[in-house]
Amino acid sequence: MSILYSRPDWKGVRESTERLSFAEFVQLLSPEKLMLHDVWRTQVEQCMVNQISYHFVGRYESLEADTTAVLRMMNRSSEIFPTSWNSNSMQNTEYLASNYYTEQIRRKIEQLYAVDFEVFNYTKYNGNTRRKE
């Protein structure tokens, strides 16, 4: 959060010694503020999908399979890409989402990142992000 407080356009929201809750932080977000820091920017903007023609878009949810596919496309299928993926990652994500995402927060995030949901073919489901089949 120190980066958030160091930006002049966020000053005056709270004293720098106080921590914002996740809900408070989300309520402060706007499309304009998303563009101020690349961590919060939409992935469509961050990856410049309107300027770069990608041949492949991998997903964290299928990291191992996607890296294998990329290595195969590069004729390097004998190589193994190291991953730290474990089956508990999605469970942890779902746990965090269920504990931090209220209906109001979920709607705000879906609104702010609607372009990412659309371009990367995700659908909204029970407050969790699920890949469209």
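Above: the structure in question.
This one's a predicted model, so the numbers in the text were calculated from it and none came from an experiment.

Outline the overall build of the protein chain, supporting the account with residue identities and numerical values.
Across its full length, the protein chain holds 8 helices and 2 strands. Each helix and strand of the protein chain, placed in order from N terminus to C terminus, yields the pattern α-α-α-α-α-α-α-α-β-β. Within the protein chain, buried positions represent 25% of all 133 residues. Long-range pairs, those at least 24 residues apart, make up 46% of the contacts in the protein chain with a sequence separation of at least 6. Per element, the accessible surface of the protein chain, about 9800 Å² overall, is 51% carbon and sulfur.

Could you give me a rundown of the environment of V44, with the residues and numbers involved?
Among the structural elements, V44 can be located in helix α4 (residues 43-46). A relative accessible area of 6% means that V44 is categorised as buried. Here the alpha-carbon distance between V44 and V115, two residues 71 residues apart in the chain, equals 7.0 Å. Dropping the residues within four chain positions of it, V44 is found in contact with V49, N50, V115, D116, V119 and F120.

Let's hear about the pattern of salt bridges: which residues, and what values?
The final tally for this structure, using the stated rule, is 4 salt bridges. Two residues, E79 and R76, come together in a salt bridge whose shortest N-O distance is 2.5 Å. By relative accessible area, which is 37% here, E79 ends up partly exposed. On the accessibility criterion, R76 (40% relative accessible area) is partly exposed. A salt bridge links R106 to E103; the nearest nitrogen and oxygen atoms lie 2.1 Å apart. Of this pair, R106 and E103 both sit in helix α7 (residues 103-112), separated by 3 residues, roughly a single helical turn. Shared partners join several salt bridges into a network, and the residues in it are E103, R106, R107 and E110.

Give me the nonpolar core: which residues, what numbers.
Core analysis: the biggest nonpolar cluster contains 13 residues, and L29, L34, I109, L112 and Y113 have the highest contact counts within it. Those elements giving two or more residues to this core turn out to be α2 (22-28) and α7. For this core, the element with the most residues is α7, which contributes 3 residues. Leaving out residues up to four positions away in the same chain, L34 has contacts with L29, W40, R41, T42, L112 and Y113.

Go over unusual backbone geometry with me, naming the residues and quoting the values.
Even without glycine at this site, M48 takes up a positive phi of about 50 degrees. Considering the arrangement of structural elements, one finds M48 in the loop between α4 and α5 (63-73). Residue class for M48 comes out partly exposed when judged on its relative accessible area of 42%.

Criteria and cut-off values
- Residues numbered from 1 in each chain as written.
- Predicted model: local features only at pLDDT ≥ 70, side-chain atom pairs only at ≥ 80, totals over all residues.
- Heavy atoms only, no water.
- Helix = DSSP H or I, 4+ residues; strand = E, 2+ residues; numbered from the N terminus.
- Buried < 20%, exposed > 50% of the residue type's maximum accessible area, 1.4 Å probe, protein only.
- Contact = heavy atoms within 4.5 Å.
- Areas by Shrake-Rupley, 256 points an atom, 1.4 Å probe, with all protein chains shown as cover.
- Salt bridge = Lys/Arg side-chain N within 4 Å of Asp/Glu carboxyl O.
- Core = buried A, V, L, I, M, F, W, Y, C linked by side-chain atoms within 4.5 Å.

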